[in-house]
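Fold and contact review
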Amino acid sequence: HALTIGLCQMFAVLPGLSRSGSTITGGLMTGLDRQSAVRFSFILSIPAIIGASIFEVPDLFAQHTDPAQWAVYLAGMAVAAIVGVFAMKLLKYIAQKSNFRIFSYYCWAVGAVAVVYSLVEFAASK
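Residues numbered from 1 in each chain as written. Predicted model: local features only at pLDDT ≥ 70, side-chain atom pairs only at ≥ 80, totals over all residues. Heavy atoms only, no water.

Right, let's get into the overall build of the chain. Helix and strand counts for the chain come out as five helices and zero strands. Mapped from its N terminus to its C terminus, the chain presents α and β elements in the order α-α-α-α-α. Against the 2.2 N^0.38 benchmark of 14 Å for 126 residues, the chain shows a C-alpha radius of gyration of 17 Å, more extended than a compact globule. Dimensions of the chain along its principal axes, counting C-alpha atoms only, are 50 × 40 × 25 Å. Residue burial in the chain is summarised as follows: out of 126 residues, 19% are buried. Once local pairs closer than 6 in sequence are excluded, the contacts in the chain between residues at least 24 apart make up 57%. Entry remark: accessible area of the chain is about 9,200 Å², with carbon and sulfur atoms responsible for 73%. Here the chain carries 8 positive and 5 negative side-chain charges, and the mean point of each set is 21 Å from the other. (Helix = DSSP H or I, 4+ residues; strand = E, 2+ residues; numbered from the N terminus. Rg over C-alpha atoms; globule rule 2.2 N^0.38 Å. Buried < 20%, exposed > 50% of the residue type's maximum accessible area, 1.4 Å probe, protein only. Contact = heavy atoms within 4.5 Å. Areas by Shrake-Rupley, 256 points an atom, 1.4 Å probe, with all protein chains shown as cover. Lys, Arg positive; Asp, Glu negative; His and termini not counted. Charge placed at Lys NZ, Arg CZ, Asp CG, Glu CD.)

Here is the structure:
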């Protein structure tokens, strides 16, 4: 089951597809209940977040950022963390109380907007 869910995570590299949506869908496809699929998706996000941090933080220091800007970066990190925790709690609530139909519509809509936007940007650059 973990391999299938991990493979579904790879679809999140496509524009507009949610990593959590992909892994939760993979979990549901393997027979997990909604709450277990959400829990596994959150656990699976830890290596992705740590990996991204390992690659991005050195770039921040390599740019010789002004120390006066560090407060802005820290505030941005704090806001991102708070919003991330809120989003996780909301998704857990949805998993407990409802189904993922609305979430899937959201994913499809955001994906479609991202594809259209990419095509428009590509056409404008030519």
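So, on to the nonpolar core. Formed by Ile-24, Ala-37, Val-38, Phe-42, Leu-91, Ala-95, Phe-100, Phe-103 and Cys-107, the largest nonpolar core amounts to nine residues. Counting residues per element, the ones that place at least two in this core are helix 3 (34-62), helix 4 (70-97) and helix 5 (101-125). At three residues, helix 3 tops the list of elements feeding residues into this core. Those residues within four positions of Ile-24 in sequence are excluded, and the remaining contacts are Ala-37, Val-38, Ser-41, Leu-91 and Phe-100. (Core = buried A, V, L, I, M, F, W, Y, C linked by side-chain atoms within 4.5 Å.)

Examined against the element boundaries, Gly-21 turns out to sit in helix 2 (residues 19-29). Owing to a relative accessible area of 8%, Gly-21 belongs among the buried residues under this scheme. Put simply, Gly-21 and Gly-111 are 90 residues apart on the chain and 12 Å apart in space, counted from C-alpha to C-alpha.

A few words now on the packing of helix 1 (residues 2-9) against helix 2. Following both chains from N to C, one finds helix 1 and helix 2 inclined at 150°, their axes separated by 8 Å at the closest point. The orientation of helix 1 relative to helix 2 falls into the category roughly antiparallel. Note on packing geometry: the crossing formed by helix 1 with helix 2 is right-handed. Mapping the contact onto sequence places Ile-5, Cys-8 and Gln-9 in helix 1 and Arg-19, Ser-22, Thr-23, Gly-26, Gly-27 and Met-29 in helix 2. The residue makeup of the contact of helix 1 with helix 2, split by class, is three nonpolar, five polar and one charged. (Axes fitted to C-alpha atoms, helices over the stretch in contact; angles between N-to-C directions. Parallel < 35°, antiparallel > 145°, perpendicular 65-115°, else oblique. Left-handed = near helix turned anticlockwise from the far one by under 90°. Nonpolar A, V, L, I, M, F, W, Y, C, P; charged D, E, K, R; others polar.)

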